[in-house]
Amino acid sequence: AKEQGRNQFHFFNDQMQSDAERTAKLTNALKLAIENDAFELHYQPIVCAKQHRIRHVEALIRWRHDGRLVRPDEFISAAEASGLIIELGRWVRVEAMKTLLEFQALELDIGMSINVSTFEFWSHNLQDCLINSITETATKICSTGFPFHRLTLEITESLLMKEQVHLINSLSQLRKLGIKIAIDDFGTGYSSLSYLSEFPVDIIKIDKSFIRDVNDKKQAALVSAVVALSRALNLDVTVEGVESHLQLAFVSEKEVDSIQGYFFHKPLEKTALLEVLTKH
Ligand code: C2E
Ligand code: CA
Ligand code: CA
Ligand code: CA
């Protein structure tokens, strides 16, 4: 047993070392990628539930690495752990806000959603740092008044875990500018529903796991309950992950406001997106 214990210990140790090495390598590669401008944004259209018209897009980061397109699930947590998410988040906002101005120049009435990591939100030690970064970017790239009312920031439930006066203030300030706040991946966190009335938010995005199986009665009941609650609190509801006719039929019955999913559009490169939008 002692022998075995020692082996396990060794194994565990080696495992940890290679994890640490892997993280270090990834972190270095991310640093280089930031220097070399190796990131790009793709944009996934979000359609209104009634007419299926594109009203909005969500900016989703990609990393061009070794000739392949790396998706965020593979590097966002490393970026958060290393603090690189601050720089990356800023890059995403500048890029997405510039694209929003392009929409405006083309007279397209389309909004832009940007993901903000919880880590990124808290790492700004001044409560108003995120808003400063956004307003500075806005004045830098637009002299005629940035269309903040077309901008949505997507945050996750983990940010709302504890009610926080600072957080409520920051979100309120952002909303005063006209920016909308969406709660992403709704239903996957552990917090209570009560914060929905406490925090200044505008949109609930129901996580795709809740519509994976439309025959699951519990999930269907949950979707209905969230829609009813959102109605009562005057929030908009977006459903994510609609891939099939069946799922579309299911969410169409629930009176949601907007739908996002491969059924309508996958995330698109900017040129492809602009083509879709100008033809729409
Ligand atoms: P998310 O914010 O929940 O974004 C939606 C994800 O679902 C995207 O994955 C999108 O491609 C995928 N998706 C959309 N429609 C469907 C569908 O019908 N079926 C399925 N199976 N998937 C669908 P993606 O682009 O790989 O992004 C993964 C996550 O990475 C995002 O989840 C978000 O949490 C994070 N992320 C992406 N871009 C950024 C960013 O710029 N900053 C930060 N902090 N996080 C980001
Ligand atoms: Ca999102
Ligand atoms: Ca989501
Ligand atoms: Ca997610």
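Because the structure is a prediction, the values reported are computed rather than measured. (Residues numbered from 1 in each chain as written. Chains lettered and ligands numbered in written order. Predicted model: local features only at pLDDT ≥ 70, side-chain atom pairs only at ≥ 80, totals over all residues. Heavy atoms only, no water.)

Engineer: What am I meant to see in the coordination of the calcium ion (ligand 4) here?
Structural biologist: Tetrahedral coordination by four donors sets the ideal angle at the metal to 109.5 degrees; octahedral coordination by six donors sets it to 90 or 180 degrees. Only D185 (OD) and D185 (OD) from the protein coordinate the calcium ion (ligand 4), and they sit 2.7 to 3.1 Å from it. Between the calcium ion (ligand 4) and the calcium ion (ligand 3), a separation of 4.1 Å is found, and both are coordinated by D185. By secondary structure assignment, the location of D185 is in strand 6 (residues 180-186). (Donors = N, O, S within 2.8 Å, 3.2 Å for Na, K, Ca; no water. Helix = DSSP H or I, 4+ residues; strand = E, 2+ residues; numbered from the N terminus.)

Engineer: When you look at the site of ligand 1 in this model, what are you seeing that I'm missing?
Structural biologist: What surrounds ligand 1 is a group of 22 residues, the closest being R62, R71, K208, E243 and Y262. One nitrogen or oxygen atom from the side chain of D184 is found 2.9 Å from an oxygen atom belonging to ligand 1. For ligand 1, an oxygen atom lies 3.1 Å from a polar atom in the side chain of D185. Protein contact buries 87% of the 800 Å² of open area that ligand 1 shows by itself. (Near = heavy atom within 4 Å. Polar contact = N/O pair within 3.5 Å; in protein donor to acceptor, adjacent residues only side chain to side chain. Areas by Shrake-Rupley, 256 points an atom, 1.4 Å probe, with all protein chains shown as cover.)

Engineer: Got a minute to help me understand the nonpolar core in this structure?
Structural biologist: Side chains of nonpolar character tend, in soluble globular proteins, to be buried together. Core analysis: the largest hydrophobic core is formed by 79 residues, its most contacted members being F103 and M112. Sort the elements by how many residues they give to this core and helix 3 (residues 85-105) lands first, with eight residues. In contact with M112, other than residues within four places in its own chain, are Y43, H56, V57, A59, A96, T99, L100, F103, R150, L151 and T152. (Core = buried A, V, L, I, M, F, W, Y, C linked by side-chain atoms within 4.5 Å. Buried < 20%, exposed > 50% of the residue type's maximum accessible area, 1.4 Å probe, protein only. Contact = heavy atoms within 4.5 Å.)

Engineer: Can you help me understand the pairing of strand 7 (residues 203-206) in this one?
Structural biologist: For a regular strand, the rule is simple: side chains alternate between the two faces of the sheet. Taking every second residue as pointing to the same face, both faces of strand 7 are buried, with I203 and K205 on one and I204 and I206 on the other. Sheet topology note: the strand 6/strand 7 ladder contains three bridges and is parallel. Its bridge partner being in strand 7, I183 is matched across the sheet by I204. (Pairing = 2+ DSSP bridges.)

Engineer: Looking at this model, I keep getting lost on the environment of I168. Mind explaining?
Structural biologist: By the element assignment, I168 lies in helix 6 (residues 165-177). Each residue touching I168, except ones within four places of it in the same chain, is listed here: E198, F199 and P200.

Engineer: Please clarify how helix 3 should be interpreted in this entry.
Structural biologist: Along an α-helix, a turn takes 3.6 residues, which lines up residues three or four apart on a common side. Here helix 3 contains 21 residues, and its C-alpha end-to-end distance of 30 Å stays within 8% of the 30 Å for a straight helix at 1.5 Å per residue. Turning to helix 3, its buried residues are I85, L88, G89, V92, R93, A96, M97, T99, L100, L101 and F103. Phi turns positive one or two residues past the end of helix 3, at E107, with a value near 55°. (Expected span 1.5 Å × (residues − 1).)

Engineer: Help me out: how do you make sense of the coordination of the calcium ion (ligand 2) in this one?
Structural biologist: Those donors, E58 (OE), N115 (OD1), E154 (OE) and D184 (OD), are the protein atoms that reach the calcium ion (ligand 2), and they lie 2.1 to 2.3 Å from it. Mapped onto the sequence, the donors of the calcium ion (ligand 2) take the spacing E-x56-N-x38-E-x29-D. The two metals, the calcium ion (ligand 2) and the calcium ion (ligand 3), are separated by 4.1 Å and share D184 as a common coordinating residue. Here D184 lies in strand 6 and N115 lies in strand 4 (residues 111-115), a separation of 69 residues in the sequence. Looking at N115, the relative accessible area reads 30%, which means it is partly exposed. Looking at D184, the relative accessible area reads 7%, which means it is buried.

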